[in-house]
Each structure stands twice: as C-alpha cells, then as structure tokens.
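A look at the structure
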Amino acid sequence: MHRKTIAELAAGLERKEFSSVELTQTHLARIERLDPILNSFITTTPEIALAQARAADERIAKGEAGPLTGIPIAQKDIFCTKGVRTSCGSRMLDNFISPYDACVVERFSAAGAVMLGKLNMDEFAMGSSNETSYYGPVKNPWNTGTVPGGSSGGSAAAVAARLAAGATGTDTGGSIRQPAAFCGITGLKPTYGRISRWGMIAFASSLDQAGPMARTAEDCAIMLQTMAGFDERDSTCVDRPVPDYCAALANNLDGLRIGLPKEFFGEGLDPAIASLIQEAVDEYRKLGATVKEVSLPNMHLSVPAYYVVAPAECSSNLARFDGVRFGHRCENPADLADLYTRSRGEGFGAEVKRRILIGTYALSAGYYDAYYLKAQKVRRLISEDFRRAFEEVDVIMGPTAPSVAFEFGAKSADPIAMYLSDIYTIAVNLAGLPGMSIPVGFADGLPVGMQIIGGYFSEDRLLNVAHRYQQATDWHTHVPTGIAD
Ligand SMILES: NC(=O)C[C@H](N)C(=O)O
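Scoring rules and cut-offs
- Residues numbered from 1 in each chain as written.
- Predicted model: local features only at pLDDT ≥ 70, side-chain atom pairs only at ≥ 80, totals over all residues.
- Heavy atoms only, no water.
- UniProt positions renumbered as here; feature names shortened; annotations may be inferred.
- Phe/Tyr/Trp six-rings, centres within 6.5 Å; stacked < 30°, edge-to-face > 60°.
- Lys NZ or Arg CZ within 6 Å of the ring centre and 35° of its normal.
- Near = heavy atom within 4 Å.
- Polar contact = N/O pair within 3.5 Å; in protein donor to acceptor, adjacent residues only side chain to side chain.
- Areas by Shrake-Rupley, 256 points an atom, 1.4 Å probe, with all protein chains shown as cover.
- 1 Å grid on protein atoms, 1.4 Å probe; cavity = no way out; pocket = protein on both sides within 12 Å on 5 of 7 lines; lining within 4 Å.
- Sits in = over half its atoms within 2 Å of the grid points.
- Nonpolar A, V, L, I, M, F, W, Y, C, P; charged D, E, K, R; others polar.
- Helix = DSSP H or I, 4+ residues; strand = E, 2+ residues; numbered from the N terminus.
- Buried < 20%, exposed > 50% of the residue type's maximum accessible area, 1.4 Å probe, protein only.
- Lys, Arg positive; Asp, Glu negative; His and termini not counted.
- Salt bridge = Lys/Arg side-chain N within 4 Å of Asp/Glu carboxyl O.
- Pairing = 2+ DSSP bridges.
- Right-handed = clockwise from strand over helix to strand, strands pointing away.
- Contact = heavy atoms within 4.5 Å.
- Axes fitted to C-alpha atoms, helices over the stretch in contact; angles between N-to-C directions.
- Parallel < 35°, antiparallel > 145°, perpendicular 65-115°, else oblique.
- Points joined across faces, edges and corners; volume = space filled by probe spheres on them.
- Core = buried A, V, L, I, M, F, W, Y, C linked by side-chain atoms within 4.5 Å.

- The name given to the protein chain in an unreviewed UniProt entry is Glutamyl-tRNA(Gln) amidotransferase subunit A, and the organism recorded there is Methylococcus capsulatus.
- On record in UniProt, under Sequence similarities (unreviewed entry), the comment for the protein chain is "Belongs to the amidase family. GatA subfamily."
- On record in UniProt, under Function (unreviewed entry), the comment for the protein chain is "Allows the formation of correctly charged Gln-tRNA(Gln) through the transamidation of misacylated Glu-tRNA(Gln) in organisms which lack glutaminyl-tRNA synthetase. The reaction takes place in the presence of glutamine and ATP through an activated gamma-phospho-Glu-tRNA(Gln)."

Regarding the packing of aromatic side chains
- Tallied over the full model, the rule gives 19 aromatic pairs.
- A cation over a ring is seen here: lysine 411 above phenylalanine 406, with NZ or CZ 4.7 Å from the ring centre.

Some details on the site of the ligand
- In the vicinity of the ligand lie 14 residues, with Ala125, Gly173, Ser175, Tyr306 and Asp422 positioned nearest.
- Between the ligand and the protein, one listed contact pairs an oxygen atom with a backbone N or O atom of threonine 172 at 3.1 Å.
- Between the ligand and glycine 174 there is a distance of 3.5 Å, counted from an oxygen atom to a backbone nitrogen or oxygen.
- Look at the ligand: alone it shows 270 Å² of surface, and the protein chains cover 100% of it.
- Judged by the fraction of its atoms near the pocket grid, the ligand is located in the largest cavity.
- A per-class count over the shell around the ligand returns five nonpolar, seven polar and two charged.

Notes on the UniProt feature "domain: Amidase" (unreviewed entry) in the protein chain
- Those residues carrying the UniProt feature "domain: Amidase" (unreviewed entry) are residues 22–463 in this numbering.
- What you have in residues 22–463 is 37% helix and 14% strand, and the ends, taken at the C-alpha atoms, are 30 Å apart.

Some details on the side chain of aspartate 122
- Locating aspartate 122 in the fold gives a position in the loop between β3 (114–119) and α5 (153–160).
- For the buried aspartate 122, no salt bridge is present, and the opposite-charge side chain at shortest range is lysine 76, 7.6 Å distant.
- Looking at aspartate 122, its side chain comes within polar contact range of the main-chain nitrogen of serine 129, at 3.5 Å.
- In terms of polar contacts, aspartate 122 uses its side chain to reach the backbone amide nitrogen of glutamate 131, at 3.2 Å.

Things to note about the environment of glutamate 17
- For glutamate 17, the location among the structural elements is in the loop between α1 (6–14) and α2 (20–38).
- Accessibility expressed as a relative area gives 44% for glutamate 17, which makes it partly exposed.
- Residues glutamate 17 and lysine 262, spaced 245 residues apart in sequence, show a C-alpha to C-alpha distance of 50 Å.
- Looking at glutamate 17, its side chain comes within polar contact range of the side chain of arginine 15, at 2.6 Å.

Thoughts on the pairing of β3
- Among the six residues of β3, six are classified as buried, and the element is accordingly described as predominantly covered.
- Both strand β2 (residues 72–76) and β3 contribute to a ladder of four bridges, which runs parallel. Residue pairing for β3: isoleucine 73 is matched across the bridge by methionine 115.
- Handedness of the crossover joining β2 and β3 through helix α4 (residues 103–110) is recorded here as right-handed.

Some thoughts on the pairing of β2
- In terms of burial, β2 is largely enclosed, as five of its five residues are buried.
- Two elements, β2 and strand β4 (residues 166–170), share two bridges in a ladder whose sense is parallel. Each residue of the ladder has a partner; that of alanine 74, found in β4, is alanine 167.

Things to note about the environment of glutamate 131
- For glutamate 131, the location among the structural elements is in the loop between β3 and α5.
- Among the residues examined, glutamate 131 registers a relative accessible area of 22% and is labelled partly exposed.
- Ignoring anything within four residues of it in the chain, the contact list for glutamate 131 reads Asp122, Pro137, Val147, Phe406, Phe408, Gly409, Ser412 and Met418.

Quick word on the packing of helix α8 (residues 271–286) against helix α15 (residues 459–472)
- As a packed pair, α8 and α15 sit with axes 10 Å apart at the nearest point and diverge in direction by 95°. The angle between α8 and α15 places the two elements in the roughly perpendicular class. The segment α8 lies against α15, with Ala280, Glu283 and Tyr284 engaging Val465, Ala466, Tyr469 and Ala472.
- When the residues that make up the contact of α8 with α15 are grouped by side-chain class, the tally is six nonpolar, no polar and one charged.

A few points about the pattern of salt bridges
- Applying the stated criterion to the full structure yields 20 salt bridges.
- Across the pair arginine 325 and aspartate 322 runs a salt bridge whose closest N-O atoms are separated by 3.0 Å.
- Residue arginine 325 is classed as exposed on the basis of its relative accessible area of 56%.
- What emerges from the salt-bridge pattern is a single network uniting Arg380, Glu384, Arg387 and Glu391.

Some remarks on the sheet that holds strand β9 (residues 395–399)
- A sheet is described by the order of its strands in space; here eleven strands give the open sequence β1-β3-β2-β4-β6-β5-β10-β11-β9-β7-β8, paired in mixed fashion. Looking along the sheet, the strands with just one partner apiece sit at the ends: β1 (41–44) and β8 (290–294). Taken over all neighbouring pairs, the strand axes of this sheet differ in orientation by 30° on average, direction set aside.
- Contacting β1 and β3, helix α3 (residues 46–61) runs over the sheet at an angle of about 155° to β3.

Observations regarding empty space enclosed by the protein
- Here the structure, examined in full by the defined rule, presents two cavities of 30 Å³ or more.
- In this structure, the largest cavity occupies an estimated 80 Å³ of space.
- Lining the largest cavity are 13 residues, and of these Gly127, Gly173, Ser175, Tyr306 and Asp422 lie nearest its centre.
- Here the lining of the largest cavity is composed, by residue class, of four nonpolar, seven polar and two charged.

Observations concerning the nonpolar core
- In this structure, Phe124, Tyr284, Phe386, Met397, Met450, Ile452 and Leu463 are the most contacted members of the largest nonpolar core, which totals 145 residues.
- Once you skip the residues sitting within four places of it in the chain, phenylalanine 124 turns out to touch Cys88, Ser90, Met92, Leu93, Ile201, Phe203, Leu318, Phe321, Phe348 and Val352.

What follows is the structure, encoded as structure tokens:
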C-alpha cells in the first residue's frame, strides 16, 4: 500500500480495496520500524491519525470523499497544530502546545486527510541540511550517511521512505526544492501569496511560502488544490481564484518555450548534474518543447541579498520568543534582562543566533542603507531579470542544487559553503515566483533534482510540465533500497 501515490491510494480507497484505517496503520507501523533510523518525525500523532482515518472511512462509505479523504500525510513542524507540540525544530518551542491550527492544517483536516505527525526540520527553518534541528539530524533514505537537505528535510525523507504519502514543506530560500532534490521526490514552492501563512511560524515573512512535497507532480497538484486559496487572516495572501490543478496536468507541451539561464550552468555545478539536466531537457524536446539560452545577470547577487533580507526579517520575527509569553523560560531569572538573555541564549541554537545577530546588525542605525536598503534594490533587479526572461520563454529550467546530498558535517563548519547549496533556488524566493524540483536521475547513487521555474501564479503550468515528464520517464518511481522496500 505504501508504494502507491496519493492518486492511486484515493482510487484504492474509493474501490474499497483497503480502508483508511488499514492504510493509516500501515504507515504508522512503517514509521515505528524505520523512523528510529531516519529521525524524520519530531512527534507522531497516532490517536489523531486513527480518529481521522475512522472519520474518513465513514465519509468514503457515504460517498462524500474528496481526493485527500483518508490519505495519510504529515505536517512540517512549523505549522501550528491544535493540542499538539509545534516545536519548529527548536528547544525554544519544545514545550509549546499550539492552541490553534494553521490555515494549511485546517484545510487538510477539512479535506479529510489523516495527519500522521509533525516532521523534523532545521531550527526555525534556518539551514540546508537538517543539521540545525534541536531534535537531531534527519538521515537521507538513499544513503543514511548523507543529509536529506533542508530545511524541510524531515518532509522529504518521510515521503522518499514511504512513511507518508505526502507532506507539507515551507520554502523561504530553497527549503522545499533542495530537500526534494536530495531525496528524489517532487516539491513545489508556489507563488508568494498563493497559500496562507496563517499559523505557519514566521522566519522571513516576505519570503516564506508553504507548499506540497510528494512523489509525483500529480500528487502535488492534489495537495496544492487543498492548500491554495485566499485567507483573510494572512494580509499577504492573494485573493485570486484557484485553478483546477489536476485538469491542466495532461495538456500537451507542443511549443513550450524552455529557457536555460547560462548562469545556472557555470562553475561550481557538479558536471554529472549538468549532464542529467541536459538529458531531461532533451526529453522535453521530444515532448515538443523548444529550448534557448536566457540570462539572469543578477543571479550571483541572490545569496548575498538573501542573507541580508532573511536575517533582518528573522531578527524581527524571533523577537517574540522572550521567555515571557510562550516557549522556553530559563530557571530562576534574577531580573527581566536576565530572563530575556538566558531564555533566548538557552532556547536558540547556533545558526539561529547567527541569523539574529546578522539581522540586527543589518537593520541597526547607520547600516540600514548600506545593507537592508541595498539588498531590497538587488531584489528588484533579480525580479526584473526574471520578468525579462519570461518575455522570451514560458518556463526556466536548471539544476535545483549544485551537488547531490553531502555527508553529515561536510558544511557545518562553514556557513557560507552551506548557504551556497541554495544558489539556484534563492533568487526564486526573492522574486516571489513559483518553482518546482523533480527527480531526473542519479549521480553517485544519489538523486538529482531539476528545477522548473514559472511566471507568477503559473503553478498549473509547472505541474503540467512536470507531469508530462513523469509520464515519459520513471525517475520519480525509484525507491531507496533497504529503507523503503
Ligand atoms: N528556509 C529556507 O528556505 C532554507 C535556507 N537554506 C535558509 O537557511 O534560510
């Protein structure tokens, strides 16, 4: 059962080949058996899952099921879940039981989905390897000596290992796409504003966006259908109709104009990855696409601009964790200053502290114009680069990450080396565009992801482009041996 995609599981439930309770029990048993190795879950919620599965079976029996009714999924632990610990991968929130559900969680519940638990992640989504989690790193199911990527590493590993049929992720600077690439799954970061951020713990509010992570583009379409749409509780959520993402999947790709940015194929890219991307692009030629080189001249400024904007917003957002209202509080504070200092000092890990310090510095009087204002101008230049490219092409393709999954510890001592693993993804966040990662092969036995970037609100087109490729190839069907057999 666990090998089936969400679309296949929904068909099986409808035909009564198995019940949601059976399906849920199968996944819970797999988590119990395999997650001690992978560490992809921070919290499992078997009682909630089985209650939701029973309710789903009733709904299916009455003929009132939707495409996600009875499907076992899991939530990144950045989404607030009522009555369930919501840690954001941090000691700061280790004791935090959320009093409400995030909008995304509400929508999955309303659709009748089953929540298996909360997934491991880099602390407050800051990281690209899952090594910054207070709960320990997640292992990559393809090779447990390598990282799963981050920050949505628990989501990617759980889906790759068939512990959940689908998972939510969030992407501030590559956090859905890079782990999807490292674990050989499909992930979509939608346009900024497509999905409500309400109840999603804020890291960098002008960049954060939730999205689906699953095995296929079709499954991502099914999940996005439920996640997308206006919510007045998030002032940046866009009030715009949600298209039927599944209806567009099978459209043919005749005449699709693909752009390959020359900046994506330069120095620093693993040559094995470059050739797999070229092979995938050749497949698209066979499917009727035309291919041309485009340029994103300000791409090289994306990582530096991100590491001003994101820490600046993080220093402001994380000011709320003060030991007073919720989260970690130090023992016996001497006075208020001691309470703040020790609670934050004990509650946050090293990477989070680094970002808060960078952000506070960048925003401080005298440095604001030199850093923050300048980074905002660069952001505008990057958006303009994409706008110009999309005058000539429909989608942009390139590698998701410059390397395959790396070994634990390989980049932890060098923050800049770690930051560079998001070199191809971050510009998309700065511009607010949608982007996907799909599996296109293996290098050194590890999965390689290709990124597909589209214009604003072109998620239907991206999913269509990804789906047609997945119908013509089988990279997305490969299963990590040993762990996920
Ligand atoms: N949250 C993200 O998108 C991850 C990014 N690597 C960061 O550390 O900021």
